[in-house]
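# Close look at the chain arrangement
The lines below spell out each chain.
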Amino acid sequence: MSSLNDLLQAIETAARQGEETILATVVKVEGSAYRRPGARMLIPVHGRTIGTVSGGCLEQDLAKKAWWLTDSGEPVVRRYSTGATEDEDDEHSNLTFGLGCNGTVFVMLERLRAKTPSPAIELLRQVRDSRQPAAMATIIATSRNALVRVGDRVLSDAAPSLRHPALETTIRKDLRKTLTEKKSSLRLYTDARAEIEVFFEYVAPPPRLVIFGAGHDAQPLVRMAKLLGWHVSVVDSRSHFARLERFPQADAVICSSLDTPFVLGPLIEGAAVAVMTHSYRQDRHWLGHLLQATPAYIGQLGPRERTERLLTDIRQHTPVLNAFQQLHYPMGLDLGGDAPESVALSNLAEMTAVLNLRNGGMLKHRSKPIHQVDLLVCEQLVEAAAVN
């Protein structure tokens, strides 16, 4: 799966070369689907696609047909069914894949022109660079006589953009709610003229991982986290370990002496943190500071008895450990295996589960749906608006 950064880099490269691309975005899912709303894929004029919008069953059809489907230049929404069967009289039956997944996926296709700024891409770039969340609302369906069109967007920090001022006012209010709740949703608005369906997307920045310890076992952890598109920093007090050439994929490699004050706050706030220096003195130093900060996850590598001893030493100087509930030790899920790659997989799996509010158990034992139902359709009335 390509990361947000891969997608944006490909768009920027195409723009520099003066080439158009097509952005495919999952905007709605009914039933079971491999990817959730907000998943994106870039379709270039030449070369392979970047990103995925399904488990591999939809990408080829989209890449084949996207250019003529958007020949008018206007965004379109393509509906795909992955049900086992479908009524032959259904007007959408030609889009049925018969995979037995019993889901319907709606994908919006829109052309990105080299010299025309895209508000959606600018917002994604802003999230990537600032590492702060954002939200945007996209019109995905309208009645024929509506004042808005499929593909119209409202961004919370952007200037007014819709020909329907009353609708835009209501959407902006719901955008603020999207940011507060940190959850995407679908909303259906009605006025005297039309029904309008809007996809409210909560755009979260890539997860951040900070690894304290630049030993050999940190290297596969960096590689795996970057494969998932995470932002990764590595910190160590030993200059012969904390070298960029040892971690070419890391976003930052920091050498910080234990005797020099180092402000951790901005680096670790809300991040997943792994302490794995294999040095008792370093582990005690970093873990002691982390337990006074606000990371989302703290993992301590090593046997339980060793970590208990670390905690006893830390409490002698800091009796109250504010972030103790975020501490996981021994770090990782019980997957078996002791190779560095196996340990990295175990550690990253636990971090992912914690960040997604899951317990990391086997899916065959899960009674609830694999994907949480987080797209609620809410109907809301708005005043009719005159054409500007």
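Owing to the predicted nature of the structure, the values given are computational and were not obtained by experimental measurement. (Residues numbered from 1 in each chain as written. Predicted model: local features only at pLDDT ≥ 70, side-chain atom pairs only at ≥ 80, totals over all residues. Heavy atoms only, no water.)

## Some details on the nonpolar core
- Ranked by internal contacts, the top residues of the largest apolar core, which has 23 residues, are V210, F212, I268, L287, L290 and L291.
- Those residues in contact with L287, other than ones at most four positions away along the chain, are I298, Q300, L310, L311, I314 and L327.
- Counting residues in each nonpolar core, the second largest holds 21 residues, with L209, A218, L301 and A344 among its members. (Core = buried A, V, L, I, M, F, W, Y, C linked by side-chain atoms within 4.5 Å. Buried < 20%, exposed > 50% of the residue type's maximum accessible area, 1.4 Å probe, protein only. Contact = heavy atoms within 4.5 Å.)

## Considering the packing of aromatic side chains
- Inspection of the entire model under this criterion finds three aromatic pairs.
- Note on Y189 and F200: the rings are 6.4 Å apart at their centroids and 55 degrees apart in plane angle, and the pair reads as tilted. Within this pair, whereas Y189 is found in strand β8 (residues 185-190), its partner F200 is found in strand β9 (residues 195-203), the two being separated by 11 residues in sequence. F200 carries the same exposure label as Y189, and that label is buried. (Phe/Tyr/Trp six-rings, centres within 6.5 Å; stacked < 30°, edge-to-face > 60°. Helix = DSSP H or I, 4+ residues; strand = E, 2+ residues; numbered from the N terminus.)

## Examining the sheet that holds strand β5 (residues 103-112)
- Overall, antiparallel pairing links the five strands, which are arranged β3-β2-β1-β5-β4 in an open sheet. Where the open sheet ends on each side, the last strands, each with one partner, are β3 (50-51) and β4 (76-81).
- As paired elements, strand β2 (residues 40-44) and β3 share two bridges and run antiparallel to each other. Paired with L42 across the bridge in β3 is I50.
- Sitting on the sheet, helix α1 (residues 4-16) is in contact with β1 (21-31), β2, β3 and β5, with an inclination near 25 degrees to β2. (Pairing = 2+ DSSP bridges. Axes fitted to C-alpha atoms, helices over the stretch in contact; angles between N-to-C directions.)

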